[in-house]
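# What the coordinates show
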Number of protein chains: 2
Amino acid sequence: MGQISYRQIKEDVRSKVVRGVWALGAELPKEEDMAADYGCARATVNRALRELAEEGLLERKRKSGTRVRQAPVRQARFDIPLVRREIESLGERYTYRLLEREETQAPAWLCARMRLTRPDPVLHLRCLHVAGDTHYQVEDRWINLTTIPAAREADFTTQGPNEWLIATIPFSDVEIGFSATAADADLARDLGCALGDPLFQGERSTWLNDAPVTYVRMVFGRGYKMTTRY
Amino acid sequence: MGQISYRQIKEDVRSKVVRGVWALGAELPKEEDMAADYGCARATVNRALRELAEEGLLERKRKSGTRVRQAPVRQARFDIPLVRREIESLGERYTYRLLEREETQAPAWLCARMRLTRPDPVLHLRCLHVAGDTHYQVEDRWINLTTIPAAREADFTTQGPNEWLIATIPFSDVEIGFSATAADADLARDLGCALGDPLFQGERSTWLNDAPVTYVRMVFGRGYKMTTRY
DNA sequence: TTGAGTTATATGGATAGACATAAAAAAGGC
DNA sequence: GCCTTTTTTATGTCTATCCATATAACTCAA
């Protein structure tokens, strides 16, 4: 007995919306009626519609019903991989190098970024991630030693701080941002590009139960593009 | 009678994972047992675990069971809003200006980007989006007139092509990418920045049932940062 | 020992029925 | 007419029970 699946219903509804059978803003029949039409239980229709609403195609409200979103939400999802994995998945050999390591007090700009009230002691690391022969990314990492004192003892000469941190505190709240920056003398040297070259950079601040953990600035080599499809 | 909700179970499981009660890679009890523990139906546990798996915290496989992901997937979700809405939600006045409009044949680089086999006729638009007094974004838009002939008649002097396209073909397949670029003479003039300034840019190619629709390059004013939290 | 076939089992999914809840619509009071 | 209260109703969620399906683990023969 061929039962109809919530997937089929999802696709049918999606197709009806895309083909314009239900226009933007139009109201869909209620779950009960759709279930009768499809010859299935209400729960099956419910799951299909609920998932489509999560994906941003539909809008649902108790009592008022389900309608096609006026402006379907366009959202891009980027997986944030470990640099090492990203490079390896490109089929390139991954090399890592620690350029610099110092223990200091958080400068004012860092206190602002990490929402610190006092200039906590921090570990500042500067690392290079290489893909084959090309200098892929410079990682400028600041770790709060008050929150993560264990970082003081960690050896970052063979393993990047990102991987160490993920193994140490796998779950945290994150704020992430992407922007463009110009290569300064250090970046030009480390990434092998010209002074002033436009570079793509990501910045990430991390908290563990509201305690500031780390701030990192990841500057990518010339021509890097972060892409996705949806 | 206080029934337990799938949300509570989700939070309880999440907390157990975050607190390390279940370590990375550890196997969770089977749904049936968890349901017995929580005193609820298996479907309730199922929904909680299913959603946590979707969020990237857990990994599930038939017969083998549920376990905590070794490397919890870190994914960032960016909502891609209309420039107008983005600017308005900043509390700024939105102004739009059409800088240039020409009908031509797709140049070679565009054919590559849009996966065109022939140099189709295209409509090329150059637009400026202004937030208050600051030049916010330059939109460099190419519309395939073979796929969307109606664009030839559309008036883009008052409404941006992005909004027109969304109203005309709300659903499509999209490939999106972000990178850094240097301001050329045109960009420097239109965005009011210096020649060579590093600028953040997004590129988007769009298809409707495999037919190439449009390619757009959106270059943002100096200092723009695309941010999100998770 | 190894490969092919079988079985057991955890998740995946469907159903019917019940109650909860938010909010639109109707009813009532002034 | 206008505000408050009640009713109605579509979605939200839970239960109990079924069958489906992938696959790990086992069986057994070559």
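Shown above is the structure to which this text applies.
Rules behind the numbers
Residues numbered from 1 in each chain as written. Chains lettered and ligands numbered in written order. Predicted model: local features only at pLDDT ≥ 70, side-chain atom pairs only at ≥ 80, totals over all residues. Heavy atoms only, no water. Helix = DSSP H or I, 4+ residues; strand = E, 2+ residues; numbered from the N terminus. Buried < 20%, exposed > 50% of the residue type's maximum accessible area, 1.4 Å probe, protein only. Near = heavy atom within 4 Å. Polar contact = N/O pair within 3.5 Å; in protein donor to acceptor, adjacent residues only side chain to side chain. Nonpolar A, V, L, I, M, F, W, Y, C, P; charged D, E, K, R; others polar. Expected span 1.5 Å × (residues − 1). Contact = heavy atoms within 4.5 Å. Buried area = accessible area lost by both parts, 1.4 Å probe. Salt bridge = Lys/Arg side-chain N within 4 Å of Asp/Glu carboxyl O. Pairing = 2+ DSSP bridges. Core = buried A, V, L, I, M, F, W, Y, C linked by side-chain atoms within 4.5 Å. Least-squares fit on C-alpha atoms with pLDDT ≥ 70 in both. Phe/Tyr/Trp six-rings, centres within 6.5 Å; stacked < 30°, edge-to-face > 60°. Lys NZ or Arg CZ within 6 Å of the ring centre and 35° of its normal.

### A few points about unusual backbone geometry
Residue and element names in this part refer to chain B.
- Despite not being glycine, Lys-63 has its phi angle at roughly 75°, a positive value.
- On the secondary structure map, Lys-63 appears in the loop between strand S1 (58–61) and strand S2 (65–68).
- Judged by its relative accessible area of 85%, Lys-63 is exposed.

### Some thoughts on the protein's contact with DNA strand C
- Residues in close proximity to DNA strand C total 24 residues, the closest being A:Ser5, A:Arg7, A:Thr44, B:Lys30 and B:Arg60.
- Counting only atoms of DNA strand C within 4 Å of the protein, the fraction found in sugar and phosphate groups is 78%.
- The contact in question runs from a phosphate oxygen of DNA strand C to an N or O atom on the side chain of B:Arg60, over 2.5 Å.
- Elements with a contribution of two residues or more to the surface near DNA strand C: helix H1 (6–18) and helix H3 (42–54) of chain A together with helix H3 (42–54), S1 and S2 of chain B.
- In terms of residue class, the surface near DNA strand C is built from five nonpolar, six polar and 13 charged.

### Re H3(A)
Residues and elements named next belong to chain A.
- The end-to-end C-alpha distance of H3, which contains 13 residues, comes to 18 Å, matching closely the 18 Å that a straight helix rising 1.5 Å per residue would cover.
- Listing the buried residues of H3 in full gives Val-45, Arg-47, Ala-48, Leu-49, Arg-50, Glu-51, Leu-52 and Ala-53.
- In the stretch just after H3, Gly-56 is the one whose phi turns positive, near 95°.

### A few points about the interface of chain A and chain B
- Counting residues at the interface gives 48 residues for chain A and 48 residues for chain B.
- Both sides together, the interface formed by chain A and chain B hides about 4300 Å², and carbon and sulfur atoms give 55% of it.
- Area buried by chain A at its contact with chain B is led by A:Arg74, A:Phe171 and A:Tyr230, which between them contribute 17% of it.
- Where chain A meets chain B, there are four salt bridges.
- In this structure, the salt-bridge partner of A:Glu175 is B:Arg229, at a minimum N-O distance of 3.7 Å.
- At the boundary of chain A with chain B, the tally comes to six residue pairs in polar contact (both at pLDDT 80 or more).
- Among the secondary structure elements, those contributing two or more residues to the side of chain A that touches chain B are H1, H3, strand S3 (75–79), strand S7 (173–182), strand S8 (198–208) and strand S10 (225–229) of chain A.
- Counting residues per element, the side of chain A that touches chain B draws most heavily on S7(A), at 10 residues.

### Re the pairing of S1(B)
Residues and elements named next belong to chain B.
- Two strands pair when backbone bridges link them, and S1 and S2 are joined in this way by four bridges, in the antiparallel orientation. Residue Glu-59 lies in a different strand from S2, and its bridge partner there is Arg-67.
- The antiparallel hairpin formed by S1 and S2 contains three residues in its connecting segment, where Lys-63 sits at a positive phi of about 75°.

### Some details on the nonpolar core
- One finds A:Phe178, A:Phe200, B:Phe178 and B:Phe200 to be the most contacted residues of the largest nonpolar core, which totals 64 residues.
- If sequence neighbours within four positions are ignored, B:Phe200 has contacts with A:Phe178, A:Ser179, A:Ala180, A:Phe200, B:Phe178, B:Ser179, B:Met218, B:Val219, B:Phe220, B:Tyr224 and B:Met226.

### Observations concerning the relation of the copies chain A and chain B
- When chain A is brought onto chain B, the operation consists of a screw motion whose angular component is 180° and whose axial shift is 0.0 Å, with 0.1 Å RMSD remaining. A rotation of that kind, with that shift, is consistent with a two-fold axis.
- In this assembly the copies share their binding face: 100% of the residues contributing to the interface of chain A also contribute to that of chain B.

### Quick word on the pattern of salt bridges
Residue and element names in this part refer to chain A.
- All told, the structure shown has 44 salt bridges over all chains when counted by the stated rule.
- Close ionic contact of Lys-16 with Asp-12 constitutes a salt bridge, the shortest N to O distance being 3.0 Å. You can see Lys-16 and its partner Asp-12 sitting in helix H1, four residues apart, about one turn around the helix.
- Of the charged contacts in the structure, one is a salt bridge between Arg-115 and Glu-175, with a shortest N-O distance of 2.8 Å. Residue Arg-115 is found in the loop between helix H5 (108–114) and strand S5 (121–131), and its partner Glu-175 is found in strand S7; the two are separated by 60 residues along the sequence.
- On the basis of relative accessibility, which here comes to 29%, the residue Glu-175 falls in the partly exposed class.
- Because the salt bridges share partners, they merge into one network encompassing Lys-10, Glu-11, Arg-14, Arg-47, Glu-51 and Glu-55.

### Let's talk about the packing of aromatic side chains
- Inspection of the entire model under this criterion finds 22 aromatic pairs over all chains.
- Relative to A:Tyr224, the ring of A:Tyr136 lies with its centre 5.8 Å away and its plane at 85°, an arrangement referred to as edge-to-face. Taken together, the residues span a long stretch of sequence, with A:Tyr136 in strand S6 (residues 134–144) and A:Tyr224 in the loop between strand S9 (211–220) and S10 at a distance of 88 residues. Considered together, A:Tyr136 and A:Tyr224 belong to a single accessibility category, that of buried residues.
- Seen in terms of ring centroids, A:Phe156 and A:Trp164 are 5.5 Å apart; in terms of plane orientation they differ by 85°. Their pairing is edge-to-face. Exposure class is identical for A:Phe156 and A:Trp164. Each is buried.
- Grouped by ring-pair contacts, the aromatic residues A:Phe78, A:Tyr136, A:Phe178, A:Phe200, A:Phe220, A:Tyr224, B:Phe78, B:Tyr136, B:Phe178, B:Phe200, B:Phe220 and B:Tyr224 constitute a single cluster.
- A cation sits over an aromatic face here: A:Arg47 above A:Tyr6, 3.9 Å from the ring centre.

### Concerning the environment of A:Ala182
- Tracing the sequence through the fold places A:Ala182 in strand S7.
- As for A:Ala182 and A:Arg126, which are separated by 56 residues in sequence, their C-alpha atoms are 18 Å apart.
- Setting aside its immediate chain neighbours within four residues, A:Ala182 contacts A:Leu187, A:Gly196, A:Asp197 and B:Pro198.

### As for the protein's contact with DNA strand D
- The full set close to DNA strand D counts 24 residues, and A:Lys30, A:Arg60, B:Ser5, B:Arg7 and B:Thr44 are the nearest of them.
- B:Gln3 is positioned such that a nitrogen or oxygen atom in its side chain is 3.0 Å from a sugar or linking oxygen of DNA strand D.
- Within the side chain of B:Arg62, an N or O atom sits 2.9 Å from a sugar or linking oxygen of DNA strand D.
- Of all elements in the fold, only H3, strand S1 (58–61) and strand S2 (65–68) of chain A together with helix H1 (6–18) and H3 of chain B reach the threshold of two or more residues within the surface near DNA strand D.
- When residues of the surface near DNA strand D are assigned to their parent elements, the largest contribution, four residues, is made by H3(B).
- Split by residue class, the surface near DNA strand D holds five nonpolar, six polar and 13 charged.

Interpretation in functional terms is not warranted from these geometric data alone.
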